[in-house]
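Here are the chains, one letter per residue:
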Amino acid sequence: MKKKVFGNATDALAGIATDGMTVMAGGFGLCGMPASLIEALRDTGASALTCVSNNAGTDGEGLALLLSTGQIRKMISSYVGDNKLFSDLYLSGAIELEFCPQGTLAERCRAGGAGIAGFYTKTGVGTVNAEGKEIREFDGVPHVLETGIIADLALVKAEIADEDGNLIYRKTARNFNPDMAMGGRMTVAEVEQIVPAGSLDPDHIHTPGIFVQRVVQSTRAKRIEKLTERSKEVAQ
Amino acid sequence: MKKKVFGNATDALAGIATDGMTVMAGGFGLCGMPASLIEALRDTGASALTCVSNNAGTDGEGLALLLSTGQIRKMISSYVGDNKLFSDLYLSGAIELEFCPQGTLAERCRAGGAGIAGFYTKTGVGTVNAEGKEIREFDGVPHVLETGIIADLALVKAEIADEDGNLIYRKTARNFNPDMAMGGRMTVAEVEQIVPAGSLDPDHIHTPGIFVQRVVQSTRAKRIEKLTERSKEVAQ
Amino acid sequence: MSWSRDEMAAKAAEEIEDGFYVNLGIGIPTLVANHIPADRDLILQSENGMLGMGPFPFEGEADPDLINAGKQTITELDRTSYFSSSTSFAMIRGGHIDLAILGTMEVAQNGDIANWMIPGKLVKGMGGGMDLVAGAKRVVVITDHVTKSGAPKLLKQCTLPLTGQGVVKRIITDLGIFDVKGEGLAVAEIAPGVSREQIQKATDAALLAWPDKELA
Amino acid sequence: MSWSRDEMAAKAAEEIEDGFYVNLGIGIPTLVANHIPADRDLILQSENGMLGMGPFPFEGEADPDLINAGKQTITELDRTSYFSSSTSFAMIRGGHIDLAILGTMEVAQNGDIANWMIPGKLVKGMGGGMDLVAGAKRVVVITDHVTKSGAPKLLKQCTLPLTGQGVVKRIITDLGIFDVKGEGLAVAEIAPGVSREQIQKATDAALLAWPDKELA
């Protein structure tokens, strides 16, 4: 069997990072974000990237690594707050930004991976997001045409992978990762744990291995973006 | 909490079966087919139904129950072989048939449930399936516009449900069931086992309870359509 | 005397029927969860991929893999399920969410809502807002009746870029409750001690009807 | 002498590269799985919702929840995963299946394929055939070179309703291997003992090129 498991993130990206390519990166903020792979992508030096990701990283974390080196030419995101570096780059004109509603973004990634070239949604009708796009009525209700996105490279984060690239996610760290695993022509998964083939219950697999070309052990610890807790004393 | 679990299939369909409605029925042949609910739907007497299902049942099983009573006006299916009753009805003009490629059918059910009114696919371009439908090029490749289907009632089969309607399927009995659970305005699930809320690992749930309005215990045994085996002696 | 934020949230909580699947926006809407009547049960959706959202974790028990749409750490319940972003928005866009309760910058008498950007100011993005207002079965807005500088937020027409067109059904403010009627708003309830004149002065939108019974 | 069905299947098996995800149609294509070279590994997809399809079950071990796209009982392997129909066809339509090997009634020199209906005869349906031919990265057809009545199946133009347009890349018959070149077929290989004349007589499609080396 063709080996999918790579020794480290640098090897996992060897030969597949090129200037000008489109890269999807999973995660909702820092949750379920492929931090080791983003770091390795920075180290490839690939530039003029179009990055498809719900967020643009936080200061010093995630895609901010690629923003600080100027490797990103364009972002396609639903929310880029929480990130001063991005703001500065955007306001100075150093980076292009395409806003995309969060659900439309997820659906566009899935659609690209599913061979759906375009789809009609009510989301964004009558807003700037529909400007320049076709509007068509279905049952009298206007819908806007959105297109599927296919990425040259998708970087995703999962909890467990087996040697065949089957993935299982954990809790809300799943988010965009299954959709982007589908949307990438080449998908590389970073995981907490790699297990032998046959270790996973085939009914529990979230992303079948056909969508995953390479797998690597994560080396960066999970981080919490906004720690919000309640006191045990108050609650009891 | 609003109770989703019903005592039997008849009660589970009480008040929601009406003449002329569109009904989705999960299953691939007899595998993962909601047999108890189809039987109960027959007993409601609801007529002039449009049935969306990959197949039309086999002789005496599944939707054939509704065919034999003349309750189905139209089928939307990808494959209606293996069913002499359907052939007879179709050839006599007693029933209308809309063929839909299997993948397009699954996607149309999911799309209806996901608020996607239409989508473009390469499947069927240049065939009778594209006749009368819009063709549009994306990156120079012609695609055909297909529409989402929303059913008044979706009947699905799962292995396990919890009291909140969260569903887990088993092996290839999953097939169209998750897509149709989404596509129904009212979805009723028939299951082998009903467990208390909190019994299921939230990462293992295939269909979240939001897509399932009613749940009932299955009372018909799983059946094998084409038993195909090999001899242990020959293999060893 | 007008309604406090908690009183506004309690009014919004009355919208919730037993068994409703509900998405709550950030800000005042998050308070709604504290005011659910005891005889009703609701399931909170978090659009980053969770149904059955629980409260914040106890100190020291936060899980980096378990956050809400505001990126705050939260907990799961015995009814929780997790799913992908595309499935989450399939729920939203497909009309499976019974109710979305959101804050806003502006709302118009025809149900238009503008709550994601102010031209000239730094834009953070619409997140899932456009999907929610377009997809939820019912969209209710909770907002202060006027801006910090005293300008009306309930308008004839939105001035800011829209999040959605004709999507809001009801508006709950510190001064009252307003139903969108296309050509204007019908006042469904007035907060105690608030006068018609006070509402009229603070509202740009046309007011078409007043409640039969006014609390005073 | 021409190729047997098993020899045709063995020729098709040479198409398979290590690690390929492959969908095999019913009929001769199912034989391909028996001829995979030992140094190569393939993962079989069954479009009803399974990757990593195993052999038929032993007597008495069939599971009603575990069938292939032909509705036959099968088994799982240690690499198996299950998924919904929409996800299964996302794989197919999205170009994630490396190779589909299918039977056919007719195939044309431009890659058109017709294998789902004969007008006037009872139509069973296209099943997943239209999705497979439109979506798989490479579509290879295995078929007898002529019909039972001796009519050519490799045509200038299909006469039956199409399953897909311009989708077939290679055709493997009992007489040889043919590559679709748009304006005609290039003969890539001739079965042992088969003459050019025999192929020409049995073929309606234009034959543009012949192999440098012919097996005799």
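Predicted model only: the values in this text are computed from it and were never measured. (Residues numbered from 1 in each chain as written. Chains lettered and ligands numbered in written order. Predicted model: local features only at pLDDT ≥ 70, side-chain atom pairs only at ≥ 80, totals over all residues. Heavy atoms only, no water.)

A separate point is the pattern of salt bridges. Per the counting criterion, the structure on display carries 64 salt bridges over all chains. Salt-bridge contacts for Arg73 of chain A lead to Glu96 of chain A; the nearest nitrogen and oxygen are separated by 3.1 Å. Residue Arg73 of chain A is located in strand 4 (residues 72-77), and its partner Glu96 of chain A is located in strand 5 (residues 96-99); the two are separated by 23 residues in the primary sequence. We note a salt bridge from Lys133 of chain B to Glu146 of chain B, for which the minimum N-O separation is 3.2 Å. Taken together, the positions of Lys133 of chain B in the loop between strand 6 (116-121) and strand 7 (135-138) and Glu146 of chain B in strand 8 (residues 141-147) put the pair 13 residues apart, joining distant regions of the chain. Classification of Glu146 of chain B by relative accessible area gives buried; the value is 2%. (Salt bridge = Lys/Arg side-chain N within 4 Å of Asp/Glu carboxyl O. Helix = DSSP H or I, 4+ residues; strand = E, 2+ residues; numbered from the N terminus. Buried < 20%, exposed > 50% of the residue type's maximum accessible area, 1.4 Å probe, protein only.)

This part is about the pairing of strand 6 (residues 116-121) of chain A. Within strand 6 of chain A, 6 of the 6 residues are buried, which leaves the element mostly enclosed by the surrounding structure. As defined by bridge partners, strand 6 of chain A adjoins strand 6 of chain B across 5 bridges and the pair is classed as antiparallel. In the sheet register, Ile116 of chain A faces strand 6 of chain B, and the bridge partner there is Thr121 of chain B. Alignment of strand 6 of chain A against strand 8 (residues 141-147) of chain A, held across 4 bridges, turns out to be antiparallel. Bridge pairing in strand 8 of chain A places Tyr120 of chain A opposite Leu145 of chain A. (Pairing = 2+ DSSP bridges.)

If you walk through the whole model with that rule in mind, you get 7 aromatic pairs over all chains. Taken together, a centroid distance of 5.8 Å and an interplanar angle of 50 degrees make the contact between Tyr120 of chain A and Tyr120 of chain B tilted. Taken as a pair, Tyr120 of chain A in strand 6 and Tyr120 of chain B in strand 6 lie in two separate chains rather than in one. This pair shows no difference in class: Tyr120 of chain A is buried, exactly as Tyr120 of chain B is. For the pair Tyr120 of chain B and Phe138 of chain B, a centre-to-centre distance of 5.1 Å together with 55 degrees between the ring planes defines the contact as tilted. Within this pair, whereas Tyr120 of chain B is found in strand 6, its partner Phe138 of chain B is found in strand 7, the two being separated by 18 residues in sequence. Like Phe138 of chain B, Tyr120 of chain B is buried. Chaining the aromatic ring pairs together yields one cluster made of Tyr120 and Phe138 of chain A together with Tyr120 and Phe138 of chain B. In this arrangement the basic side chain of Arg230 of chain A is found over the ring face of Phe58 of chain C, its NZ or CZ atom lying 4.1 Å from the centre. Residue placement shows Lys71 of chain C over the ring face of Phe28 of chain A; its charged tip is 5.0 Å from the ring centre. (Phe/Tyr/Trp six-rings, centres within 6.5 Å; stacked < 30°, edge-to-face > 60°. Lys NZ or Arg CZ within 6 Å of the ring centre and 35° of its normal.)

A few words now on the confidence of the model for chain C. On average, chain C scores 95 in pLDDT, and the residues at 70 or more come to 98%. The ipTM value of the predicted complex is 0.97, and its pTM value is 0.97. (pLDDT = per-residue confidence, 0-100.)

Across the contact, 46 residues belong to chain C and 51 residues belong to chain A. Note on chain C versus chain A: buried area summed over both sides is about 4,200 Å², and carbon and sulfur give 59% of it. When the buried area of chain C at its contact with chain A is split by residue, Phe58, Asp65 and Lys71 of chain C rank highest and sum to 18% of it. Along the contact surface separating chain C from chain A lie 6 salt bridges. As a salt-bridge pair, Lys232 of chain A and Glu61 of chain C come within 3.0 Å of each other at their nearest N and O atoms. For the pair chain C and chain A, the interface holds 28 residue pairs in polar contact (both at pLDDT 80 or more). Looking at the side of chain C that touches chain A, the elements with two or more residues in it are strand 4 (76-82), helix 2 (85-93) and helix 3 (129-135) of chain C. (Contact = heavy atoms within 4.5 Å. Buried area = accessible area lost by both parts, 1.4 Å probe. Polar contact = N/O pair within 3.5 Å; in protein donor to acceptor, adjacent residues only side chain to side chain.)

Of the residues lining the interface, 51 residues belong to chain B; the matching set on chain D comes to 46 residues. Of all residues in chain B, the largest losses of buried area upon contact with chain D belong to Lys171, Thr172 and Arg230 of chain B, amounting jointly to 16% of the total for that side. Counting across the interface, chain B meets chain D through 6 salt bridges. Of the charged contacts, one joins Asp63 of chain D and Arg170 of chain B as a salt bridge, the two residues approaching to 2.6 Å between their closest N and O atoms. On inspection of chain B and its partner chain D, the count reaches 28 residue pairs in polar contact (both at pLDDT 80 or more).

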